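# Commentary on secondary and tertiary structure
One letter stands for each residue in the lines below.
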Amino acid sequence: MSISTAESLLRTSPGQSREPWQRTAAGANLLGPDGNLGLTIFEEITALAGRHGAINLGQGFPDEDGPAEMLDAARAAIAAGANQYAPGQGLPVLRSAVAAHQERFYGLQVDPDTEVIASTGATEAIASALLALTGPGDEVLTFEPFYDSYGAIIGLSGATHTTVSLDAPHFLPADGTLEAAFTDRTRVVLVNNPHNPTGTVFPRAVLQQIVDLANKHNAVILTDEVYEHLTFGPAHIPVATLPGAADRTLTISSAGKTFSVTGWKVGWLTGPAPLVSAVRTVKTFLTYTSGTPFQSAVAVGLGLPDQYFTEAAATLQAKRDVLGAGLQAAGLGVLPSSGTYFVTADTAPLGITDATALARRLPELIGVAAIPVAVFCHDDGARRTRSLLRFAFCKKFDVLEQASERLARLGGVL
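Below you will find a few notes about this structure. Model, not experiment: these values are computed from the prediction.

On to the packing of helix α5 (residues 92-106) against helix α11 (residues 292-302), then. Contact geometry of α5 with α11 gives a least axis separation of 8 Å together with a crossing angle of 20°. One element, α5, and the other, α11, form an angle in the roughly parallel class. Considering the relative orientation of α5 and α11, their crossing is left-handed. Along the contact surface, α5 presents Val93, Leu94, Ala97, Val98, His101 and Arg104, while α11 presents Gln295, Ser296, Val298, Ala299 and Leu302. Grouping the constituent residues of the contact of α5 with α11 by class yields 7 nonpolar, 3 polar and 1 charged.

Next up, the structure:
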C-alpha cells in the first residue's frame, strides 16, 4: 500500500532533525521508535473504560458540577450577551478577582492591569510561558514524574528537559539532587505544587531551596498551582511568597480543579510585569482570548466565602480515604497523598512489576480504570515507577464505593 501524500509530508528523512510536532510528541512520550505518533495513555484507557463499562478513575475530572453561584453567573452572562471576544489580557473583572484572591489567601499584591493575564486553562499559560522564555540551548527543570504537557511544550520549544526524581513513598527530592540538576543553562524551573501525579505537597524547605538555586543560576520560576486549595493537612505555600522569589516567579492557576469546572478552561498567570508581558506576547497569538461568559463567572467563584474552599478540600479528603481503603483492601500499597485529585498505589505487593500492562487489563478484569505513573516519566523514571498506578478520587462517593467493591476482586482474578 502506498503512503498517502499527507503521510509523506510528515516523514522525516534519515539524519534530518525532528520537526516541531515530533519534538512535541517525543516530549510527551508519544513518539514511537519508528517515528509514528501514538495515542495518549489517557485516550487509550478512556476508550478501554468505555468498551468494558468500567469506572474511569484514570482522568482527573469530577463527575459533579461546580457551585451554583458560578453556574448561574455563566448563564446570566450568556443571556446578557457576553458572547464575543474578551480583551486578550482577560476581562477586568476576572483580573481584579485574581488579584484580590492572591492578596486574600497569600498576602501577595499584584497589579490587575499589568501583572495578571487570563488564559485558556493553566495548560495554555504554561505553554505560553515556556514558548516565550525558552528555546534551543536552554534547559527546563521539572520534577519527575511530570504532567505530560510539560514534556510536550518543552520539546516544542526546542529546550532540553531535565528532571529531579521524586521517589516513592514520600515523593520528595533526595538530598543533593536539586543542586546537581541546576546548571547555568537552566532557564526555567517548572514547579508543580501540589504535585500531579503523586499528590505530594512540597514543604517550605524544598520550595525555598528551589528559590535559592534559581537565584544562584538566574532562572525563572514557573509554578503550576492548580490544586492550591485542595490540600489535606499541609498548607499550600505559593513559591512567590518566599524570600527571593517575587521578582523571578510566574504563578499559574485555574478554576477547573478548585470549582469542578474543568470544561470551562479558564486559567490565569500572575507575576512581575516584564515577565507577564513577555508571556502575553506569545499567548496573544495562540488563542488570543476565550471563554468570555465563563471568565466573569470564575470571578464570582474566586470571591466565594472561605467556607467553600475549606469544605471542598475536606470533601475531597474524605473521598481520598474511601478510595484509599478500597485500594488497601485490594492488596495494593497505598502511598501518601496530601493534595490534588490523585492517590498512587503500588502493585508490587500483588507481585505485579508492570503497572502499564495491568492498567490496560484493569477495565476488563474488574471494571476500573487507572493510569500508570510510568507514562509521566522519561525512560529511567519509568523504570523506577513501573509498578505504580495513579487513581483519581474526584468522583461521587457512591462511584468510589462501587469502585472499591470492584477493586476488592483484583487479587482473585490476577
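A few words on the side chain of Glu225. With respect to the helices and strands, the residue Glu225 is situated in the loop between β7 (220-224) and β8 (249-254). Buried and unpaired, Glu225 has Arg204 as its nearest opposite-charge partner, separated by 12 Å. For Glu225, the side chain forms a polar contact with the side chain of His236, separated by 2.8 Å. Those residues in contact with Glu225 that lie beyond four places of it in its chain are Asn193, His236, Pro238, Val239, Thr251, Ile252 and Ser253.

This part covers the nonpolar core. Leu130, Leu250, Leu269, Leu323 and Phe391 are the most contacted members of the largest nonpolar core, which totals 65 residues. Residue contributions to this core peak at 7 residues, all from helix α6 (residues 121-133). Beyond its immediate chain neighbours, meaning those up to four positions away, Leu323 contacts Leu57, Val343, Phe391, Ala392, Phe393, Leu400, Ser404 and Leu407.

It is worth spelling out α11 at this point. α11 sits mainly inside the fold: 8 of its 11 residues count as buried. Looking only at α11, the buried set comprises Thr292, Pro293, Gln295, Ala297, Val298, Ala299, Gly301 and Leu302. Considering only its buried residues, α11 is in contact with α4 (68-79), α5, β2 (116-119), β9 (267-270) and α12 (306-329).

A few words on the sheet that holds strand β6 (residues 186-192). Across the sheet, 8 strands lie side by side as β2-β9-β8-β7-β6-β3-β4-β5; this open sheet has mixed pairing. Each end of this open sheet is capped by a strand with a single partner; those strands are β2 and β5 (172-173). Sheet topology places strand β3 (residues 139-144) next to strand β4 (residues 160-167); 6 bridges connect them, and they run parallel. When the bridges of β4 are listed, Val140 appears paired with His161.

A few words now on the sheet that holds strand β13 (residues 371-372). One open sheet holds the 4 strands; their spatial order is β10-β11-β14-β13, and the pairing between them is antiparallel. Each end of this open sheet is capped by a strand with a single partner; those strands are β10 (333-334) and β13. In the sheet, strand β11 (residues 342-346) pairs with strand β14 (residues 388-392) via 5 bridges, with the strands oriented antiparallel. Looking at the pairing, Asp346 lines up with Leu388 of β14.

A few words now on the pairing of β11. Successive residues of a regular strand alternate their side chains across the two faces of the sheet. Among the 5 residues in β11, 5 count as buried, and that is most of the element. Side chains Phe342, Thr344 and Asp346 of β11 all project onto a buried face; the interleaved residues Val343 and Ala345 project onto the opposite face, where all are buried too.

Of note, Asn196 is situated in the loop between β6 and α9 (204-217). Within the structure, the side chain of Asn196 is placed 2.8 Å from the side chain of Arg390, a separation counted as a polar contact.

Conventions and cut-offs
- Residues numbered from 1 in each chain as written.
- Predicted model: local features only at pLDDT ≥ 70, side-chain atom pairs only at ≥ 80, totals over all residues.
- Heavy atoms only, no water.
- Axes fitted to C-alpha atoms, helices over the stretch in contact; angles between N-to-C directions.
- Helix = DSSP H or I, 4+ residues; strand = E, 2+ residues; numbered from the N terminus.
- Parallel < 35°, antiparallel > 145°, perpendicular 65-115°, else oblique.
- Left-handed = near helix turned anticlockwise from the far one by under 90°.
- Contact = heavy atoms within 4.5 Å.
- Nonpolar A, V, L, I, M, F, W, Y, C, P; charged D, E, K, R; others polar.
- Buried < 20%, exposed > 50% of the residue type's maximum accessible area, 1.4 Å probe, protein only.
- Lys, Arg positive; Asp, Glu negative; His and termini not counted.
- Salt bridge = Lys/Arg side-chain N within 4 Å of Asp/Glu carboxyl O.
- Polar contact = N/O pair within 3.5 Å; in protein donor to acceptor, adjacent residues only side chain to side chain.
- Core = buried A, V, L, I, M, F, W, Y, C linked by side-chain atoms within 4.5 Å.
- Pairing = 2+ DSSP bridges.

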